[in-house]
Amino acid sequence: MRVAITREVSSGIARCELTHMEREPIDIGRARAQHAEYQRALAALGCNVVCLPEEPDLPDSVFVEDVAIVLPEIAILTRPGAASRRSEVESIRAALAPHRRIERIDPPATLDGGDVLVIGRTILVGLSSRSDTRAVEQLQAIVAPWGYEVAPTPILGCLHLKSAVTRIDDDCLLVNTAWVEPSTLPAMRRIEIDPAESFAANALRVGTCVIHPAEFARTRRRIEAEGIEVVPVDVSELAKAEGGVTCCSLIFEAE
Ligand code: CIR
C-alpha cells in the first residue's frame, strides 16, 4: 500500500515563513480548495491519503515534507531550520510510528526535508539556509547501516534543494541550473526547466507519473516530450507561502 501523509492548510498560513519571496495575501479558501485537488490527484495515482488535522498555530504545517525523511528501512524526523516549524514534528512522529522505526536529527543541527533528495543509495542534502553540515553528519550516521551515502550539495538563490532539482523518472532529473550546479548532481538524464519558469523544477513523482504545478505549461511540455506523464495541479495559492508540490506530502510504501 502506498501512503501519502498530508495536513490541512493552517488557518494561520498568512504568517508563514518567507525567505526568497515577498509576502502576498493568501486566499485561505482557495488554498484549501487547491490542497483538496492535490490530495485527489494523489488518491487517483493510488495513494492512500492520510490527512492530519489543521494546526492553527503552526502556519507552515501543511508542508509536511520538511518534517521527516521516510526511507524503506527507517524514518528520520528532522529539526526544521525555521524555529517556528519545530513543533510540527511531534504529530508527524505519531503518524509515522505505526509504519517505521524512527530516529531524529538532534540540536543544534537543522534539516528541512525539502533539502533531501533520495536517489537509490545516495541521499543528496542541500546546504541551504535551513539545513547544515551537522545534519549531514548525523543523517550519515543514522543511514550508514543500510549502505546509504549522504552527499552535501550546494544550492544558490532558492529555499530548498528540491526547489532546484527533483527526480521525475528512474533515470531522469528535472533541474533549474540557475539554482544548482549540474556537475554536483548524479550523472543521469536531465531535463532543464523552461528559463521563464524558475519554480518549475519542483515535481512530485508518484509511480510513473509526476504531479506538477499547472502554471508551468512550458516545462510541462518538456517533461511530456520525454514520454513522462504529467498530472497538472493548480497550487498557485500555496506557492505564495513558498511551497511546491513535493512539500505537501510524505509518500511511502507501507504494509
Ligand atoms: C517555509 O518557509 O518553511 C514554508 N513557508 C515553505 C516550505 C516549503 N517546503 C518545501 O518546499 N519543502
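Right, let's walk through the structure included here. Here the structure is a predicted model, which means the values were calculated and not measured.

**What to know about the overall build of the chain**
Turning to step 1, where the next piece is worked out: Secondary structure summary: the chain contains six helices and 15 strands in total.
Turning to step 2, where the next piece is worked out: Expected size for 255 residues packed as a compact globule is a radius of gyration near 18 Å; at 17 Å, the chain falls within 12% of this value.
Turning to step 3, where the next piece is worked out: Considered along the principal axes of its C-alpha atoms, the chain spans approximately 40 × 40 × 40 Å.
Turning to step 4, where the next piece is worked out: With 255 residues in all, the chain has 54% of them scored as buried.
Turning to step 5, where the next piece is worked out: Residue pairs in contact within the chain that sit at least 24 positions apart in sequence constitute 67% of those at least 6 positions apart.
Turning to step 6, where the next piece is worked out: The averaged location of the 38 negative side-chain charges in the chain is 1 Å from the averaged location of its 27 positive side-chain charges.

**Side note on the sheet that holds strand E10 (residues 172-175)**
Turning to step 1, where the next piece is worked out: Pairing in this open sheet of three strands is mixed, and the strands run E9-E10-E11 from one edge to the other. Sheet topology places strand E9 (165-169) and strand E11 (189-192) at the edges, where each strand pairs with a single neighbour. When strand polarity is set aside, the average angle formed by the axes of neighbouring strands in this sheet is 30°.
Turning to step 2, where the next piece is worked out: Strand direction decides the pairing type here: E9 and E10, joined by four bridges, are antiparallel.

**Considering the site of the ligand**
Turning to step 1, where the next piece is worked out: With respect to spatial proximity, 14 residues lie near the ligand, and among them Glu 17, Asp 60, Glu 65, Asp 66 and Ala 241 are the closest.
Turning to step 2, where the next piece is worked out: At 2.8 Å from a nitrogen atom of the ligand is found a side-chain nitrogen or oxygen belonging to Asp 66.
Turning to step 3, where the next piece is worked out: Considering the ligand on its own, with 350 Å² of exposed area, one finds that the protein chains cover 97% of that surface.
Turning to step 4, where the next piece is worked out: Grouping the amino acids of the shell around the ligand by side-chain chemistry returns four nonpolar, three polar and seven charged.

**Side note on the environment of Glu 103**
Turning to step 1, where the next piece is worked out: Turning to its location among the elements, Glu 103 is positioned in strand E5 (residues 102-104).
Turning to step 2, where the next piece is worked out: Note: C-alpha distance between Glu 103 and Leu 18 (85 residues apart in sequence) is 28 Å.
Turning to step 3, where the next piece is worked out: Discounting residues that sit within four places of it in the chain, Glu 103 has contacts with Ile 74, Ala 75, Ile 76, Leu 77 and Ile 142.
Turning to step 4, where the next piece is worked out: Among the polar contacts made by the side chain of Glu 103, one reaches the side chain of Arg 101 at a distance of 2.8 Å.

**Some details on the nonpolar core**
Turning to step 1, where the next piece is worked out: Counting 26 residues, the largest nonpolar core has Ile 13, Tyr 38, Leu 42, Ile 211 and Leu 238 as its most contacted members.
Turning to step 2, where the next piece is worked out: When residues of this core are traced back to their parent elements, those giving at least two are helix H1 (28-44), strand E12 (204-206), strand E13 (209-213) and strand E14 (229-233).
Turning to step 3, where the next piece is worked out: Ranked by residues supplied to this core, first place goes to H1 with four residues.
Turning to step 4, where the next piece is worked out: If sequence neighbours within four positions are ignored, Tyr 38 has contacts with Leu 204, Ile 211, Val 233, Val 245, Thr 246, Cys 248 and Ser 249.
Turning to step 5, where the next piece is worked out: Residues Ile 69, Val 116, Leu 139 and Ile 142 belong to the second largest nonpolar core, which totals 17 residues.

**A few points about the sheet that holds strand E15 (residues 250-253)**
Turning to step 1, where the next piece is worked out: Spatial strand order, E2-E1-E15: three strands in an open sheet with mixed pairing. Looking at strand neighbours, the two that pair on one side only are strand E2 (47-52) and E15, the edges of this open sheet. Between one strand axis and the next, the sheet turns by 20° as a mean value, whatever way the strands run.

**Looking at the pattern of salt bridges**
Turning to step 1, where the next piece is worked out: In the structure shown here, the tally under the stated rule is 22 salt bridges.
Turning to step 2, where the next piece is worked out: Put simply, Glu 253 and Arg 2 hold a salt bridge, and the shortest N to O gap is 3.0 Å. In this pair, Glu 253 is assigned in strand E15 and Arg 2 in strand E1 (residues 2-7), connecting sequence segments 251 residues apart.
Turning to step 3, where the next piece is worked out: Take Glu 253: its relative accessible area is 43%, and that puts it in the partly exposed class.
Turning to step 4, where the next piece is worked out: Given a relative accessible area of 25%, Arg 2 falls into the partly exposed group.
Turning to step 5, where the next piece is worked out: For Asp 170, the salt bridge goes to Arg 205, with nearest N and O atoms at 2.8 Å.

**Side note on the packing of aromatic side chains**
Turning to step 1, where the next piece is worked out: Under the counting rule described, the total for this entry stands at one aromatic pair.
Turning to step 2, where the next piece is worked out: Aromatic pair Trp 179 and Phe 199: ring centres 5.3 Å apart, planes at 70°, arrangement edge-to-face. Pair noted here: Trp 179 is in the loop between E10 and E11 and Phe 199 is in the loop between E11 and E12, with a separation of 20 residues, a long-range link.
Turning to step 3, where the next piece is worked out: Taking NZ or CZ as reference, Arg 121 lies 4.2 Å from the ring centre of Tyr 148, over its face.

**Details of helix H2 (residues 89-96)**
In an α-helix there are 3.6 residues to a turn, and that puts residues three or four apart on one side.
Turning to step 1, where the next piece is worked out: Looking at H2, one finds that the buried residues are Val 89, Ile 92, Ala 95 and Leu 96. One side of H2 carries all its buried residues, which in axial view fall inside an arc of 120°.
Turning to step 2, where the next piece is worked out: Lining the buried residues of H2 we find E1, E2, strand E3 (68-70), strand E4 (75-77), E5 and E15.

**Side note on the environment of Cys 47**
Turning to step 1, where the next piece is worked out: If you trace the backbone, Cys 47 turns up in strand E2.
Turning to step 2, where the next piece is worked out: When neighbours within four sequence positions are excluded, Cys 47 is seen to be in contact with Arg 2, Ala 4, Leu 42, Val 206 and Ile 251.

The rules behind each value
- Residues numbered from 1 in each chain as written.
- Predicted model: local features only at pLDDT ≥ 70, side-chain atom pairs only at ≥ 80, totals over all residues.
- Heavy atoms only, no water.
- Helix = DSSP H or I, 4+ residues; strand = E, 2+ residues; numbered from the N terminus.
- Rg over C-alpha atoms; globule rule 2.2 N^0.38 Å.
- Buried < 20%, exposed > 50% of the residue type's maximum accessible area, 1.4 Å probe, protein only.
- Contact = heavy atoms within 4.5 Å.
- Lys, Arg positive; Asp, Glu negative; His and termini not counted.
- Charge placed at Lys NZ, Arg CZ, Asp CG, Glu CD.
- Pairing = 2+ DSSP bridges.
- Axes fitted to C-alpha atoms, helices over the stretch in contact; angles between N-to-C directions.
- Near = heavy atom within 4 Å.
- Polar contact = N/O pair within 3.5 Å; in protein donor to acceptor, adjacent residues only side chain to side chain.
- Areas by Shrake-Rupley, 256 points an atom, 1.4 Å probe, with all protein chains shown as cover.
- Nonpolar A, V, L, I, M, F, W, Y, C, P; charged D, E, K, R; others polar.
- Core = buried A, V, L, I, M, F, W, Y, C linked by side-chain atoms within 4.5 Å.
- Salt bridge = Lys/Arg side-chain N within 4 Å of Asp/Glu carboxyl O.
- Phe/Tyr/Trp six-rings, centres within 6.5 Å; stacked < 30°, edge-to-face > 60°.
- Lys NZ or Arg CZ within 6 Å of the ring centre and 35° of its normal.
- Arc of directions from axis to C-beta.

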